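# Reading the structure
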Amino acid sequence: MTASFHPPQRTLMGPGPSDVHPRILEAMGRPTIGHLDPLFVGMMDEMKTLLQYAFQTKNAMTMPVSAPGSAGMETCFVNLVEPGDTVIICQNGVFGGRMKENVERCGGIPVMVEDEWGRAVDAGKLEDALKANPDAKLVAFVHAETSTGAISDAKTLVALAHQYDCLTIVDAVTSLGGSELRVDDWGIDAIYSGTQKCLSCTPGLSPVSFSEAALEKIRSRTSKVQSWFLDLNLVMGYWGSGAKRAYHHTAPINALYGLHEALVMLENETLENAWKRHSHHHNALKAGLEAMGLNFIVPASERLSQLNAVSIPESVDDATVRGLLLNDYNLEIGAGLGPMANKVWRIGLMGHACRKENVLKCLSALDDVLGRLDAPVKHGVALAAAQVIYSS
Ligand SMILES: *Cc1c(COP(=O)(O)O)cnc(C)c1O
């Protein structure tokens, strides 16, 4: 007989999923009701308002896609890109590469603006590309690049795109709830996020929001959206304001209870305080890591709080360290992706994982494991350095 699966209690400090708050897990265990049940529909309406708050938008088309962040990405591209459309993509890490894949599969023409990995997107390069491609219809970029830990100036990039009559698609999977993000003030046209990063929730849902200008482009399409499941015209029959809540697909009911709880918690904390919490614990973690002699790969002014990428010291084996952290401390940190594989660790401070006990646990575990491996770092100093931040 096969036994039930009982995972251990890990501390999740990688690039996501991050620690899920117990209140959210408890909410997900509540009784399943019908997805057209009037009480469930009432919960959906509340969720929309809560998501509008999280995104800082009044966009009516704001809802969670029933699939992970990658599906939110795809929802933006399949609805907004028509065959033949030129789309400028600013790439400074792994996720920009996926945007290119999306554009190509929609029959669009991607124009890549390459930035150094570990740096913010360069507005000057985007402007050059906009000048060189006057037929471009869309600009897409990642606000918080989880593969490197760099944040880009979304407000400036969106304003620039608009000057050249382009709509914008912004990846906010890792920024929502962790970094300042203002969809309406910054004029973002289409945005997608995920539940398992700074929202403290389980993976599997993707909040999205679309401006009136984006909806206008979708309405004036001459070709059908290539994906039936992600076609917003159809999804809105279920999620749209005043919609008849017609059956489109069975909503992931219990997962949505979890997101609702996560958003209630965010509303209680307030966005501003959530942003501050991420930067506060980042400062403590940074002090500890730097005291050990570990170096951040992103310049300070372009650094995310919720994703801390540091170089792996010379002579240290990446997988050995992460294995010891997992086995001895139940602690998960992230490996490098793509060209950064074996070169960096990515330490996440996302959502519920972003708290003092995790910062101190991570620093003391790293200190111990790197000490055992005779790594060339300073020992016994990290915790005290972090405590200086906490007691100031
Ligand atoms: C995690 C992530 C995604 C993908 O989200 P999934 O939920 O894994 O599909 C997309 N973009 C960025 C920047 C991410 O960090």
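Please refer to the structure placed before this passage.
Residues numbered from 1 in each chain as written. Predicted model: local features only at pLDDT ≥ 70, side-chain atom pairs only at ≥ 80, totals over all residues. Heavy atoms only, no water.

For the rest of this paragraph, the subject is the overall build of the protein chain. Helix and strand counts for the protein chain stand at 14 helices and 13 strands. Computed over its C-alpha atoms, the radius of gyration of the protein chain comes to 21 Å, within 12% of the 21 Å expected for a compact globule of 392 residues. Taking the principal axes of the C-alpha coordinates as reference, the protein chain spans close to 65 × 55 × 45 Å. When each of the 392 residues of the protein chain is scored for burial, the buried share is 57%. Taking all contacts inside the protein chain whose residues are at least 6 apart in sequence as the whole, residues at least 24 apart take part in 72%. Taken as a whole, the protein chain presents about 15900 Å² of accessible surface, with 53% of it coming from carbon and sulfur. (Helix = DSSP H or I, 4+ residues; strand = E, 2+ residues; numbered from the N terminus. Rg over C-alpha atoms; globule rule 2.2 N^0.38 Å. Buried < 20%, exposed > 50% of the residue type's maximum accessible area, 1.4 Å probe, protein only. Contact = heavy atoms within 4.5 Å. Areas by Shrake-Rupley, 256 points an atom, 1.4 Å probe, with all protein chains shown as cover.)

A complete count under the given rule lists 19 salt bridges for this structure. The residue Glu261 makes a salt bridge to Arg30 at a minimum N-O spacing of 3.8 Å. Residue Glu261 is located in helix H10 (residues 253-269), and its partner Arg30 is located in the loop between helix H1 (22-28) and helix H2 (38-55); the two are separated by 231 residues in the primary sequence. Classification of Glu261 as buried rests on a relative accessible area of 10%. Overall, Arg30 belongs to the partly exposed group, its relative accessible area being 35%. Among the ionic pairs, Asp85 bridges to Lys217, the shortest N-O distance being 2.8 Å. Remark: Lys217 occurs in helix H8 (residues 212-219) and Asp85 occurs in the loop between helix H3 (69-80) and strand E3 (86-91); sequence separation between them is 132 residues. Taken as a pair, Asp85 and Lys217 share a single burial class, namely buried. A cluster of three or more residues bridged by salt bridges with shared partners is formed by Arg23, Glu26, Arg30 and Glu261. (Salt bridge = Lys/Arg side-chain N within 4 Å of Asp/Glu carboxyl O.)

What follows deals with helix H6 (residues 154-163). Taken residue by residue, H6 has Ala154, Leu157, Val158, Leu160 and Ala161 as its buried positions. Projection of H6 onto a plane perpendicular to its axis shows the buried side chains occupying an angular sector of 160 degrees, all on one side. Buried residues along H6 sit in contact with helix H5 (123-132), strand E5 (136-142), strand E8 (167-171) and helix H7 (183-186). In the stretch just after H6, Asp165 is the one whose phi turns positive, near 60 degrees. (Arc of directions from axis to C-beta.)

Surveying the vicinity of the ligand reveals the residues Pro68, Gly69, Ser70, Phe95, Val142, Ala144, Thr146, Asp171, Val173, Thr174, Gln196 and Lys197. Within the backbone of Gly69, a nitrogen or oxygen atom sits 2.8 Å from an oxygen atom of the ligand. At 2.5 Å, a side-chain N or O of Ser70 approaches an oxygen atom of the ligand. (Near = heavy atom within 4 Å. Polar contact = N/O pair within 3.5 Å; in protein donor to acceptor, adjacent residues only side chain to side chain.)

Right, let's get into the nonpolar core. Formed by 88 residues in total, the largest nonpolar core has its most connected members in Phe40, Phe77, Leu80, Ile88, Ile169, Phe210 and Trp239. Within the second largest apolar cluster, 31 residues are counted, among which are Ala284, Ile347, Leu349 and Cys362. (Core = buried A, V, L, I, M, F, W, Y, C linked by side-chain atoms within 4.5 Å.)

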